[in-house]
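# Summary of the model geometry
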Amino acid sequence: MPFIRTFSKVAKQALLSPGCGCQPITVAVRTISFSPRQVTSDASFHSVSFSETDHPKVLITGGLGQLGVGLATMLRKRFGNNNVILSDIRKPPSHVFHSGPFIYSDILDYKNLREIVVNNRITWLVHYSALLSAVGEANVALARDVNITGLHNVLDIAAEHGLRLFVPSTIGAFGPTSPRNPTPDLCVQRPRTIYGVSKVHAELMGEYYHHRYGLDFRCLRYPGIISADSQPGGGTTDYAVAIFHDAVKTGKFECNLKPDTRLPMMYIDDCLRATVEMMEAPADTLSMRTYNINAMSFSPEELAQEVQKQLPDLEVTYDIDQVRQAIADSWPMNFDDSNARNDWGWKHDYDLPELVQTMLNYIGSDSRIAKAN
Ligand SMILES: NC(=O)c1ccc[n+]([C@@H]2O[C@H](COP(=O)([O-])OP(=O)(O)OC[C@H]3O[C@@H](n4cnc5c(N)ncnc54)[C@H](O)[C@@H]3O)[C@@H](O)[C@H]2O)c1
Ligand SMILES: C[C@@H](O)[C@H](N)C(=O)O
């Protein structure tokens, strides 16, 4: 029986301050027989007494995807290398493995995840594991397991151990009946992908645990994220990363979305900074627990034109992927993030020209180094 059903009392507000966690990473060696899903009805959440001056001890699930390594780098600079643990089910590349603590964690393995949280005195959990929109449609059963069952494990462990929990949502949490231009925080959400359905579920479950049990749940709906040094994991917005690599390497790009498909987008540095800012925001500044964040909106032809200002010889052709196109046509065109801006001061740094310049500088210098070696 899920532990949530066994609680008769509403737990007190989970502690809001970031917690301490200065121990070196602990390898899981014990088998724990006690399950928090079987606690008795008079149980209450841990009352964690951390000093305000101590750093949080952070665990990032699904950390080897497009966003996790960058977030770990940012958090490690802020809180210290040993206070941020990356985890995933994949083998980390050598530079990631040697840059700070890494641990194997399958979010579908509840006991293992709980053991990692306990043994390492985790206080913040950033839950990045997911199957994105296009790969989710290709494997609905796996997406349902990872995105929904995995989330249940994370929620229960976060609630039981008084963690601050960040779960990203997405523009994909909206659907064809949502207002698309712009899309506000609160409106109809009837997505038509398993990815979107699982993210609406995550938003609602996180907010429910917050109101019912005091879980410090925080959620941002990210737009499509664009990064130079990490590859996207199979989404609908991936074209906006691929164009830069192809433009620099071959001077040609074949786009899988129609030229006028407008979607909200953001450079990775803005996305990761927003995540840290929202995690650090005092609870009383958060009038909601799930916020839209945005930076820019553009279509493939507008992005191509901006890239062609720097690389005029770039040739762009279109070969439409019907699955991705149908998904994109149901998503927001512009995202209204005024609540994030008003409540906790969200402000993006990168618009389209800065994004293009930054991406080309990064990928261009990378390819010059590769050619020189
Ligand atoms: N990248 C974007 O454009 C974007 C936009 C909106 C929201 N998001 C959200 O941000 C989060 C991170 O996105 P990303 O782009 O880094 O995703 P990604 O697909 O690149 O990485 C996801 C990671 O999850 C891991 N994973 C899969 N199954 C797992 C399991 N059973 N246990 C543990 N890990 C598992 C994968 O190995 C992978 O490394 C996701 O929740 C995603 O929905 C991303
Ligand atoms: C938008 C986002 O959630 C992801 N990049 C996708 O396209 O699936």
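Residues numbered from 1 in each chain as written. Chains lettered and ligands numbered in written order. Predicted model: local features only at pLDDT ≥ 70, side-chain atom pairs only at ≥ 80, totals over all residues. Heavy atoms only, no water.

The name given to the chain in an unreviewed UniProt entry is L-threonine 3-dehydrogenase, mitochondrial, with Salmo salar as the source organism. Annotation of the chain in UniProt includes, under Function (unreviewed entry), the sentence "Catalyzes the NAD(+)-dependent oxidation of L-threonine to 2-amino-3-ketobutyrate, mediating L-threonine catabolism." Of the comments in the UniProt record for the chain, the one headed Pathway (unreviewed entry) reads "Amino-acid degradation; L-threonine degradation via oxydo-reductase pathway; glycine from L-threonine: step 1/2." (UniProt positions renumbered as here; feature names shortened; annotations may be inferred.)

On to the UniProt feature "domain: NAD-dependent epimerase/dehydratase" (unreviewed entry) in the chain, then. UniProt annotation of "domain: NAD-dependent epimerase/dehydratase" (unreviewed entry) refers to residues 58-293 when read in the numbering used here. The distance separating the terminal C-alpha atoms of residues 58-293 is 22 Å; by composition the span is 41% helix and 18% strand. (Helix = DSSP H or I, 4+ residues; strand = E, 2+ residues; numbered from the N terminus.)

Here we come to the packing of aromatic side chains. As enumerated under the stated definition, the model contains 10 aromatic pairs in all. Ring geometry for F174 against F335: centres 5.9 Å apart, planes inclined by 90 degrees, an arrangement best described as edge-to-face. With F174 in the loop between β6 (169-170) and α6 (194-213) and F335 in the loop between α10 (322-329) and α11 (338-344), this residue pair connects regions lying 161 residues apart in the sequence. Residue F174 shares its accessibility class with F335, and that shared class is buried. Centroid distance Y208 to Y209: 6.3 Å. Interplanar angle 70 degrees. Geometry classified as edge-to-face. By relative accessible area, which is 3% here, Y209 ends up buried. By way of ring pairs, the aromatic residues Y128, F166 and Y222 are connected into one cluster. (Phe/Tyr/Trp six-rings, centres within 6.5 Å; stacked < 30°, edge-to-face > 60°. Buried < 20%, exposed > 50% of the residue type's maximum accessible area, 1.4 Å probe, protein only.)

Bringing the sheet that holds strand β12 (residues 296-298) into the picture now. Taken in spatial order, the three strands line up as β8-β10-β12 in an open sheet, and their pairing is mixed. Sheet topology places β8 (224-226) and β12 at the edges, where each strand pairs with a single neighbour. Sheet twist, expressed as the average angle between the axes of neighbouring strands with direction ignored, equals 45 degrees. Where β8 lies against strand β10 (residues 263-267), three bridges are found, and the strand directions are parallel. (Pairing = 2+ DSSP bridges. Axes fitted to C-alpha atoms, helices over the stretch in contact; angles between N-to-C directions.)

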